[in-house]
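One letter stands for each residue in the lines below.
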Amino acid sequence: MMELAGLKVAAWIPDRTTPGPWPILIFSHGFHGCNTQSTFLTDALAKAGYAVFAPNHKDAACKNLRAWMTRPQEPFRDPREWTDATYADRAQDIENLLNALNADPHYRAAPFDWDHVGLLGHSLGGYTVMGLGGAWAKWKDKRVKAVLALSPYAAPFIYQRTLGGIDAPIMYQGGTRDLGITPFINKGDGAYDQTPPPKYYVEFDLAGHFAWTDLLAAHHAGIIDYSRSFFDRYFKGKTFPPALDKPHEGVSKVWEKE
């Protein structure tokens, strides 16, 4: 853990023997989660040659019972009340972190790859990274070249019909037991339908909302495979594995539109 831009930041850096360049990935945690909630994935991405950084947002609550008592800025049940002012502090956290990393001589230099900056986030973190990818026009960061949205809270963008602002490749991931989130992604005229290509949607069979955290490991291998392959496709020029291009054991849906 380190302090950067006034934030507590966890980092997963590739081993020195890992060939560069190392694309930069920023992970945004879920509501009342924390920057180390999904180490199974952040660690795997670092081992695949990505430099991963994760800030604690103000709502971080791991090992903090007092933080668990805080309410969301707007009720999740009322997505029509959400605007680009809702959780703008989270977007600013990521902007500040990227700026601080880029200003640091250690992180600005090779093998860190500033031509390929990607975001990934879970739940409210998914909302955050989608907003920075262009779903909220005021948040859009042109440095962002790919977005991975893991069971993301996308309902505000669907109702505001702002997903057309995303112009970076995006992968949505959901689960058949993720009843409060996934239906907003895969339903007709939902997030996937409203998002311009290139776009992907992967649905894990029997996965609930916490499948993307360290709490539940049943789907970790598949989540790693799809997440790594998505970033490899756009940041390292690798072909998306044909074996992942269609439903198979543990994966109920795979949609792709380039």
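For the structure itself, consult the block above.
Residues numbered from 1 in each chain as written. Predicted model: local features only at pLDDT ≥ 70, side-chain atom pairs only at ≥ 80, totals over all residues. Heavy atoms only, no water.

Let's talk about the state of the cysteines
Thinking step 1. Scanning all chains against the criterion turns up one disulfide.
Thinking step 2. Two residues, Cys-34 and Cys-62, share a disulfide whose sulfurs are 2.2 Å apart. Taking the torsion about the sulfur-sulfur bond, which here is approximately -85°, the covalent link between Cys-34 and Cys-62 counts as left-handed. One end of the pair, Cys-34, is in the loop between strand E3 (22–28) and helix H1 (39–47); the other, Cys-62, is in the loop between strand E4 (51–55) and helix H2 (65–68), and 28 residues separate them in sequence.
Thinking step 3. Exposure remark for Cys-34: the relative accessible area of 7% places this residue in the buried category.
Thinking step 4. For Cys-62, a relative accessible area of 36% gives the class partly exposed. (Disulfide = S-S within 2.5 Å. Helix = DSSP H or I, 4+ residues; strand = E, 2+ residues; numbered from the N terminus. Buried < 20%, exposed > 50% of the residue type's maximum accessible area, 1.4 Å probe, protein only.)

A look at the pattern of salt bridges
Thinking step 1. Considering all chains together, one arrives at nine salt bridges under this definition.
Thinking step 2. Close ionic contact of Asp-59 with Arg-90 constitutes a salt bridge, the shortest N to O distance being 3.1 Å. Taken together, the residues span a long stretch of sequence, with Asp-59 in the loop between E4 and H2 and Arg-90 in helix H3 (residues 88–103) at a distance of 31 residues. Considered together, Asp-59 and Arg-90 belong to a single accessibility category, that of buried residues.
Thinking step 3. Measuring nitrogen to oxygen at the nearest pair gives 3.8 Å for the salt bridge that ties Glu-95 to Arg-143. (Salt bridge = Lys/Arg side-chain N within 4 Å of Asp/Glu carboxyl O.)

Brief notes about the sheet that holds E4
Thinking step 1. In space, the nine strands of this open sheet follow the order E1-E2-E4-E3-E5-E6-E7-E8-E9, with mixed pairing throughout. Either end of the sheet is taken by a strand with one partner, and the two such strands are strand E1 (2–4) and strand E9 (251–257). Mean inter-strand twist for the sheet, computed between neighbouring axes without regard to direction, equals 20°.
Thinking step 2. Sheet strands in contact with H1 are strand E2 (7–12), E3, E4, strand E5 (112–122) and strand E6 (144–150), and its direction is about 55° off that of E2.
Thinking step 3. Helix-sheet contacts for helix H9 (residues 220–235) involve E3, E5, E6, strand E7 (170–175), strand E8 (199–204) and E9, and the interaxial angle to E6 is about 165°. (Pairing = 2+ DSSP bridges. Axes fitted to C-alpha atoms, helices over the stretch in contact; angles between N-to-C directions. Contact = heavy atoms within 4.5 Å.)

Observations concerning the packing of H3 against helix H5 (residues 124–135)
Thinking step 1. Running from amino to carboxyl end, H3 crosses H5 at an angle of 65°, the nearest separation of the two axes being 9 Å. As far as their axial angle goes, H5 and H3 are roughly perpendicular. Seen from above, H3 lies across H5 with right-handed handedness. Only Leu-124, Gly-125, Thr-128 and Leu-132 of H5 make contact with H3, whose side of the interface consists of Arg-90, Ala-91, Ile-94 and Glu-95.
Thinking step 2. Split by residue class, the contact of H3 with H5 holds four nonpolar, two polar and two charged. (Parallel < 35°, antiparallel > 145°, perpendicular 65-115°, else oblique. Left-handed = near helix turned anticlockwise from the far one by under 90°. Nonpolar A, V, L, I, M, F, W, Y, C, P; charged D, E, K, R; others polar.)

A few points about the packing of aromatic side chains
Thinking step 1. Taken as a whole, this structure holds 26 aromatic pairs when the rule is applied.
Thinking step 2. On the numbers, 5.4 Å between centres and 40° between planes, the contact of Phe-76 with Trp-82 is tilted.
Thinking step 3. By relative accessible area, which is 30% here, Phe-76 ends up partly exposed.
Thinking step 4. Since its relative accessible area comes to 0%, Trp-82 is described here as buried.
Thinking step 5. An angle of 75° between the planes, with centres 5.8 Å apart, marks the rings of Tyr-200 and Phe-230 as edge-to-face. Taken together, the residues Tyr-200 in strand E8 and Phe-230 in helix H9 connect sequence positions 30 residues apart. Side by side, Tyr-200 and Phe-230 carry an identical accessibility label, which is buried.
Thinking step 6. Just above the ring of Tyr-192 sits the side chain of Lys-199; from NZ or CZ to the centre is 4.5 Å.
Thinking step 7. Positioned above the aromatic ring of Tyr-234, the side-chain terminus of Arg-233 is 4.7 Å from the ring centre. (Phe/Tyr/Trp six-rings, centres within 6.5 Å; stacked < 30°, edge-to-face > 60°. Lys NZ or Arg CZ within 6 Å of the ring centre and 35° of its normal.)

Focus on the packing of H1 against H9
Helix packing for two helices is described by the angle between their axes and how far apart those axes are.
Thinking step 1. The geometry of H1 relative to H9 is characterised by a closest axis approach of 10 Å and an angle of 40° between their N-to-C directions. By the angle between their directions, the pair H1 and H9 is classed as oblique. Read as a crossing pair, H1 and H9 show a hand that is right-handed. Contacts from Phe-40, Leu-41, Ala-44 and Leu-45 of H1 reach H9 at His-220, Ile-223, Ile-224, Ser-227, Arg-228 and Phe-231.
Thinking step 2. Split by residue class, the contact of H1 with H9 holds seven nonpolar, two polar and one charged.

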